[in-house]
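Now for the letters of each chain:
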Amino acid sequence: TEELRNVAGESSVDTANDFNRETLTFIGKSVATLGARVVPTKEFNITAQARRRMASNDYDDIIESSASSSARSAFIDVQKLYSNEFDTKLTYKPLRWVQSSFRYQYLDNKYDTRVQSQDTQKALMLSHIFTYDVYLQPKDQFLLNASFSNQDMKISTPAGSASSTQIPGFNSNVYSWLLSGSYLPKENLTFTNTMVYSLANNFDDFSSSGLALGEDFDKIDLTFEMKWKPKENINVEPHYSYNMYNTDTTSAD
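The text that follows walks through the structure, step by step, so that each part is easy to find.

**A short note on the overall build of the chain**
Each helix and strand counted, the chain has 1 helix and 12 strands in total. Along the chain direction, N to C, the helices and strands of the chain fall in the order β-β-β-β-β-β-β-β-β-β-β-β-α. If you take every contact in the chain between residues at least 6 apart in sequence, the share linking residues at least 24 apart comes to 53%. Within the structure as shown, the chain displays about 16900 Å² of accessible surface, and the carbon and sulfur contribution to it stands at 54%.

**A few points about the environment of Trp 177**
With respect to the secondary-structure elements, Trp 177 resides in strand β8 (residues 170–186). For Trp 177, a relative accessible area of 35% gives the class partly exposed. Sequence separation of Trp 177 and Tyr 197 is 20 residues, and the distance between their C-alpha atoms is 5.2 Å. Apart from residues no more than four positions distant in its own chain, Trp 177 is found in contact with Ser 147, Phe 148, Met 195, Val 196, Tyr 197 and Leu 199.

**Topic: the packing of aromatic side chains**
In total, this model carries 7 aromatic pairs according to the counting rule given. The interplanar angle of 20 degrees and the centroid separation of 6.3 Å between the aromatic rings of Phe 148 and Tyr 175 together place this pair among those described as stacked. Placement of the pair is Phe 148 in strand β7 (residues 142–156) and Tyr 175 in strand β8, with a sequence separation of 27 residues. You can call Phe 148 partly exposed: its relative accessible area is 32%. By the ring-pair criterion, three or more aromatic residues cluster together here, those being Phe 148, Tyr 175, Trp 177 and Tyr 197.

**Here's the deal with the pairing of strand β4 (residues 76–95)**
Two strands pair when backbone bridges link them, and strand β3 (residues 44–64) and β4 are joined in this way by 15 bridges, in the antiparallel orientation. Note on β4: the bridge partner recorded for Asn 45 is Thr 91. With 17 bridges connecting them, β4 and strand β5 (residues 98–115) associate as antiparallel partners. Residue Tyr 92 lies in a different strand from β5, and its bridge partner there is Ser 100. Linking two consecutive strands that pair antiparallel, namely β4 and β5, is a turn of 2 residues.

**Quick word on the environment of Thr 120**
If you trace the backbone, Thr 120 turns up in strand β6 (residues 120–136). Ignoring any residue separated from it by four or fewer positions in sequence, one finds Thr 120 in contact with Asp 112, Thr 113 and Arg 114.

**A closer look at a nonpolar patch on the surface**
On the surface, Leu 90, Phe 102, Phe 130, Tyr 132, Phe 148, Trp 177 and Leu 199 cluster together to form a nonpolar patch covering roughly 580 Å² of accessible area. Here Phe 130 shows up in strand β6. Residue class for Phe 130 comes out partly exposed when judged on its relative accessible area of 34%.

**Looking at the side chain of Ser 172**
Among the structural elements, Ser 172 can be located in strand β8. Every residue in contact with Ser 172, bar those within four places of it in the chain, is listed here: Gln 151, Asp 152, Met 153 and Asn 202.

**Here we look at the pattern of salt bridges**
Applying the stated rule across the entire model yields 7 salt bridges. The salt bridge involving Glu 2 is made with Arg 21; its shortest N-O contact spans 2.9 Å. Separated by 19 residues along the polypeptide, Glu 2 in strand β1 (residues 2–4) and Arg 21 in strand β2 (residues 19–41) bring together distant segments of the chain. A relative accessible area of 27% places Glu 2 in the partly exposed class. We note a salt bridge from Asp 140 to Arg 96, for which the minimum N-O separation is 3.9 Å. One end of the pair, Asp 140, is in the loop between β6 and β7; the other, Arg 96, is in the loop between β4 and β5, and 44 residues separate them in sequence. Pair check on accessibility: Asp 140 and Arg 96 agree, each one exposed. Shared partners join several salt bridges into a network, and the residues in it are Glu 2, Arg 21 and Glu 64.

**A word on the pairing of strand β10 (residues 216–231)**
In terms of strand pairing, strand β9 (residues 189–201) meets β10 through 13 bridges, oriented antiparallel. Bridging from a neighbouring strand, Thr 192 pairs with Glu 225 of β10. Across 9 bridges, the pairing between β10 and strand β12 (residues 239–247) is antiparallel. In the strand pairing of β12, Asp 221 is matched with Asn 243.

**Observations concerning the side chain of Thr 190**
By the element assignment, Thr 190 lies in strand β9. The class for Thr 190 is buried, based on a relative accessible area of 18%. Contact partners of Thr 190, with chain neighbours within four places excluded, come to Tyr 183, Leu 184, Glu 225, Met 226 and Lys 227.

Rules behind the numbers
- Residues numbered from 1 in each chain as written.
- Predicted model: local features only at pLDDT ≥ 70, side-chain atom pairs only at ≥ 80, totals over all residues.
- Heavy atoms only, no water.
- Helix = DSSP H or I, 4+ residues; strand = E, 2+ residues; numbered from the N terminus.
- Contact = heavy atoms within 4.5 Å.
- Areas by Shrake-Rupley, 256 points an atom, 1.4 Å probe, with all protein chains shown as cover.
- Buried < 20%, exposed > 50% of the residue type's maximum accessible area, 1.4 Å probe, protein only.
- Phe/Tyr/Trp six-rings, centres within 6.5 Å; stacked < 30°, edge-to-face > 60°.
- Pairing = 2+ DSSP bridges.
- Patch = residues over 30% accessible without salt bridge, like charges linked within 9 Å, V, L, I, M, F, W, Y side chains within 5 Å.
- Salt bridge = Lys/Arg side-chain N within 4 Å of Asp/Glu carboxyl O.

See the structure below:
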């Protein structure tokens, strides 16, 4: 239920813009998933999963005042989401203390939105993520992990075809490297170090429209953490984090 009322006693009272509306909302969601795991040898296995998501938000006006249209808040009549996902992972473990894997993730989202008294508008998002991991555990108390990931993503919205100033679609290309290690000298003591470095090349110079969207940047996140449990009901967890974000000054201009 929405109500807009001018308050008596204000310097300017415009009762012509008083407004009320009662809305009944129907929300439906469905998910269908199909997956499989294949183990051709004891060192090698493959997993795959496909998923289809659908969501619908339908807003029906039950009562709406006849006030002037300028009083009505922005209102969405229907919004729908269609999502297709696919994920596959190949894992190879030649030795007890060595494991490597390659993973591919695909995501395709479509958003249909209809605002009151307007045509349906469509927005699209397409993403591909490629990840390679290596795990090493030479000793039971040591665990090392190295990972490389590349995400390629594209987004387009109705603003890209607007009759006035057009806002172009966004293309994202981010590379990330991760290194982490943990050491357990005792059952109640753990040391963990993690470093993540990301590099992006997302700057697009749309000089014709005056919209310099996206940016080139590199980012570093470092974390050093200790977990110590001297007694059953006592936990000590000091940690230190360092974060650096550096954007390309050329693209910022």
